[in-house]
Amino acid sequence: MTVTASSAATSVSELERLKTLHNGTKAPLTFTDAEFERRLGGLRRIMAEKDLDAVVLTSYHNIKYYSDYLFTYFGRSYALVVTPEDSVSITANIDAGMPWRTSYGDNIVYTDWRRDNFYFGIQEALNRRGIKATRLGVEDDTLPVLLRDKLQAAFPGTTLTDVSQAAMRQRMIKSAEEIEVIKHGARIGDLGGEAIKAAIREGITEYEVALIGTEAMVHEIARTFPDQEVRDTWVWFQSGINTDGAHNWATTRKLQQGDILSLNCFPMTSGYYTALERTLFLGEPDARSLELWNINVEVHERGLELIKPGAICKDIAAELNEIYISHGLLSNRTFGYGHSFGVLSHYYGREAGLELREDIDTVLEPGMVVSMEPMITMANNQPGAGGYREHDILVVGENDAENITKFGYGPTNNIINP
């Protein structure tokens, strides 16, 4: 264990501002060293294009992407400083040696004993490497104004330049190692879906069903990724009126015969997000509900066909809109037709440049991973009330796209009869 710390202190004022806390040995990371060097090499090309001396990353997703460390905020700031030669994470003393053990690169620990030690840690990261920065890269899409102002004050005369959009474009193309993790996530989501489907019965509550699905996925994640933290996996399971919104959390509502149901599994595999989302019914749906469900399945299946290399995101959205228009349902849509996958969750990492929306002109390329997830919602006072949604994940290849979601969809598979 390598620890630099003050000894025999009699006052907080005598305690160190920064520490080296190499407690234990480096743990196995999610990816190979070569993979992290590939990512950092991409970021350094961005640095060169923008004439930057270093980059200070502060978001969950980019710190995770370039170092493998996913921090827990809890009111403290974190950073990854990337230079032309190496990278060093700046982490809080409350986390002790875990950030160093579970990250690629060096680490500096800052303490709570003086205000703004976090910024002092960033300064020291550059000072120790002999870098007097005149231009620093930052993430303006997630960097709070107050933090940006303090960072600017820590580096007076230095120009802070946004790298968030360029880094996002780099993350949009997945490596073979990333795709392997994502495929495991899709498989585990299917397992969660099967556990949920088996638990559905009249009288059980939404949250009880959600817990069953979450537990099934967490156990399989721990088995598949035994060297990684087990965290953040969740389920949204909705019934009846609660299906109207895709991001509605589970409640104590009890399932009733005839309910429309929405199954949403989100296994988090070392910071990587995947999802399984399905419409189901407890008992036979009425005629209008079945009609709406089949229309949404029609859109879903056509969307699966349209995802391929060379397709343009906005063109996919435009064609699928025509199907809804033909049924008078365009105004019942609730969000875009799909999005990218990778280092993201409900609280970090959206890759907004790769979404199947009318305002996105990104061309699909090999290595991109996207969902197809059409949804329509009918208000509670309308026939067929509820939200209808299917969700599959596709990996774009050289000539086509591979659907890595295997859980069945539509009325043929998901009418639950007691």
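Residues numbered from 1 in each chain as written. Predicted model: local features only at pLDDT ≥ 70, side-chain atom pairs only at ≥ 80, totals over all residues. Heavy atoms only, no water.

Draft legend 1. Layout of the overall build of the protein chain. When you go through the protein chain residue by residue, the secondary structure sums to 10 helices and 20 strands. For 418 residues, the compact-globule estimate of 2.2 N^0.38 gives 22 Å, and the C-alpha radius of gyration of the protein chain, at 24 Å, lies within 12% of that figure. Across its three principal directions, the C-alpha atoms of the protein chain cover 75 × 45 × 35 Å. Taking all 418 residues of the protein chain together, the buried fraction comes to 56%. Of all intrachain contacts in the protein chain linking residues separated by at least 6 positions in sequence, the fraction that spans at least 24 positions is 68%. Accessible surface for the protein chain amounts to roughly 17,400 Å². Of this, 51% is attributable to carbon and sulfur atoms. When the 40 basic and 58 acidic side-chain charges of the protein chain are each reduced to a single mean position, those positions are 5 Å apart. (Helix = DSSP H or I, 4+ residues; strand = E, 2+ residues; numbered from the N terminus. Rg over C-alpha atoms; globule rule 2.2 N^0.38 Å. Buried < 20%, exposed > 50% of the residue type's maximum accessible area, 1.4 Å probe, protein only. Contact = heavy atoms within 4.5 Å. Areas by Shrake-Rupley, 256 points an atom, 1.4 Å probe, with all protein chains shown as cover. Lys, Arg positive; Asp, Glu negative; His and termini not counted. Charge placed at Lys NZ, Arg CZ, Asp CG, Glu CD.)

Draft legend 2. Looking closely at the packing of aromatic side chains. Throughout the structure, instances matching the rule amount to 23 aromatic pairs. Across from the ring centre of Phe 120, 4.0 Å away, lies the NZ or CZ of Arg 17, which sits over that ring. When the ring centre of Tyr 337 is taken as reference, the NZ or CZ atom of Arg 333 above it lies at 3.9 Å. (Phe/Tyr/Trp six-rings, centres within 6.5 Å; stacked < 30°, edge-to-face > 60°. Lys NZ or Arg CZ within 6 Å of the ring centre and 35° of its normal.)

Draft legend 3. Layout of the UniProt feature "domain: Creatinase N-terminal" (unreviewed entry) in the protein chain. Residues annotated by UniProt as "domain: Creatinase N-terminal" (unreviewed entry) correspond here to residues 39-173. Annotated as 39% helix and 20% strand, the span residues 39-173 places its first and last C-alpha atoms 11 Å apart. (UniProt positions renumbered as here; feature names shortened; annotations may be inferred.)

Draft legend 4. The environment of Ala 222, seen in detail. Position of Ala 222 relative to the elements: it lies in helix α8 (residues 206-224). Remark: the alpha-carbon pair of Ala 222 and Ala 54, spanning 168 residues in sequence, is separated by 36 Å.

Draft legend 5. Expanded view of the side chain of Glu 373. Within the secondary structure layout, Glu 373 lies in the loop between β15 (369-372) and β16 (375-378). The charged side chain of Glu 373 is buried without a salt bridge, its nearest counter-charge being Arg 389 at 5.0 Å. Here Ser 371 takes part through its side chain, which lies 2.8 Å from a polar atom of the side chain of Glu 373. Sequence-distant contacts of Glu 373, that is, excluding residues within four places in its chain, are made with Glu 277, Phe 335, Gly 336, Tyr 337, Gly 338, His 339, Arg 389, Glu 390 and His 391. (Salt bridge = Lys/Arg side-chain N within 4 Å of Asp/Glu carboxyl O. Polar contact = N/O pair within 3.5 Å; in protein donor to acceptor, adjacent residues only side chain to side chain.)

Draft legend 6. Region of the structure containing the pattern of salt bridges. Applying the stated criterion to the full structure yields 30 salt bridges. Between Arg 76 and Asp 112 there is a salt bridge, and its shortest N-O distance comes to 2.7 Å. Here Arg 76 is found in the loop between α2 (60-67) and β4 (79-82), whereas its partner Asp 112 is found in the loop between β6 (106-110) and α4 (117-127), with 36 residues between them in sequence. Exposure remark for Arg 76: the relative accessible area of 22% places this residue in the partly exposed category. With a shortest N-O distance of 2.8 Å, Asp 140 and Arg 148 are connected by a salt bridge. For Asp 140, a relative accessible area of 34% puts it in the partly exposed group. Here the salt bridges do not stand alone but share partners, grouping Glu 35, Arg 38, Arg 39 and Glu 178 into one network.

Draft legend 7. Molecular detail of the sheet that holds strand β14 (residues 342-343). On the basis of which strands lie adjacent, the open sheet formed by three strands has the order β11-β12-β14 and antiparallel pairing. The two strands at the open ends of the sheet, each matched to only one other strand, are β11 (268-269) and β14. In terms of strand pairing, β11 meets strand β12 (residues 272-273) through two bridges, oriented antiparallel. Looking at β12, one finds that Thr 269 is bridged to Tyr 272. (Pairing = 2+ DSSP bridges.)

Draft legend 8. View of the nonpolar core. Within the largest apolar cluster, 87 residues are counted, with the highest numbers of intra-cluster contacts made by Leu 57, Ile 90, Ile 122, Ile 200 and Phe 237. Top contributing element to this core by residue count: helix α7 (residues 176-199), with six residues. Leave out the neighbours within four places in its chain, and Leu 57 touches Leu 43, Asn 62, Ile 63, Tyr 66, Tyr 78, Ala 79, Leu 80, Val 82, Glu 139 and Val 163. Val 299, Leu 304, Leu 364 and Leu 394 belong to the second-largest nonpolar core, a separate cluster that totals 33 residues. (Core = buried A, V, L, I, M, F, W, Y, C linked by side-chain atoms within 4.5 Å.)

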